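Letter by letter, the chains look like this.
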Amino acid sequence: MKLFEEFKINGNPIPVPDAEVELSYQDLDAGSAGRDESGVMHRIRVRTRVKTWGFQYFALDRETFAYLEDLLSRDAVFTFTYPDRDGAVRTCTAYCSKTSLVYENARTGLYRNYKFSIIEC
């Protein structure tokens, strides 16, 4: 298992993903934001550009799958280390709320299309 030192969960590097790491940003609105009765949107932004990193593994063996599952399920919230767009190494508090995979062959311990997102708190 080759580790990806650029991205870490609680100081532990994740395995090198099989696809590009996808970074997306999202603004967060207050609960009272939304459309009024005439259909006009009233945004009340409470936070801007919250980061989400998407990781994908096309094929995993049992050892790598277990390692990732342990990293992602050990704590509900964890420290996530990542390279920022300016090249600096940053750390934030983050969580993982969803993972998915396909059992290719459960008997031999092969898995495919393992995906998860890490979301900045």
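What you see is a predicted model; the values in this text were computed from it and never measured.

Draft legend 1. Structural context of helix H1 (residues 62–73). Between its terminal C-alpha atoms H1 stretches 16 Å, which fits the 16 Å expected from twelve residues at 1.5 Å a residue. Along H1, the residues classified as buried are Thr64, Phe65, Leu68, Leu71 and Leu72. Angularly, the buried residues of H1 cover 130° about the axis, an arc narrow enough to put them on a single face. Summarising the geometry of H1, the exposed residues directed more than 90 degrees from the buried face are Glu63 and Ser73. Turning to H1, the residues buried within the fold contact strand S1 (3–9), strand S2 (12–15), strand S6 (45–60), strand S9 (99–105) and strand S10 (110–120).

Draft legend 2. Highlighting the nonpolar core. Ranked by size, the top nonpolar core spans 22 residues in total, and within it Ile14, Phe55, Phe80, Phe116 and Ile118 carry the most contacts. Residue assignment for this core shows that the elements contributing at least two residues are S1, S6, H1, strand S7 (78–83), strand S8 (89–95) and S10. Setting aside anything within four residues of it in sequence, one finds Ile118 in contact with Ile9, Lys51, Thr52, Trp53, Phe55, Phe78, Phe80, Ala94 and Tyr95.

Draft legend 3. Up close: the side chain of Glu120. Tracing the backbone shows Glu120 in strand S10. With relative accessibility at 14%, the residue Glu120 sits in the buried group. Sequence-distant contacts of Glu120, defined by excluding residues within four places in its chain, comprise Arg47, Arg49, Val50, Lys51, Trp53, Cys92, Thr93, Ala94 and Tyr95.

Draft legend 4. Representation of the side chain of Lys51 in the model. Inspection of the secondary structure puts Lys51 in strand S6. The side chain of Lys51 is buried and forms no salt bridge, while Glu120, the nearest opposite charge, is found at 4.3 Å. Not counting residues up to four positions away in its chain, the partners in contact with Lys51 are Leu23, Ser24, Tyr25, Tyr82, Asp84, Ile118, Ile119 and Glu120.

What counts and what doesn't
Residues numbered from 1 in each chain as written. Predicted model: local features only at pLDDT ≥ 70, side-chain atom pairs only at ≥ 80, totals over all residues. Heavy atoms only, no water. Helix = DSSP H or I, 4+ residues; strand = E, 2+ residues; numbered from the N terminus. Expected span 1.5 Å × (residues − 1). Buried < 20%, exposed > 50% of the residue type's maximum accessible area, 1.4 Å probe, protein only. Arc of directions from axis to C-beta. Contact = heavy atoms within 4.5 Å. Core = buried A, V, L, I, M, F, W, Y, C linked by side-chain atoms within 4.5 Å. Lys, Arg positive; Asp, Glu negative; His and termini not counted. Salt bridge = Lys/Arg side-chain N within 4 Å of Asp/Glu carboxyl O.

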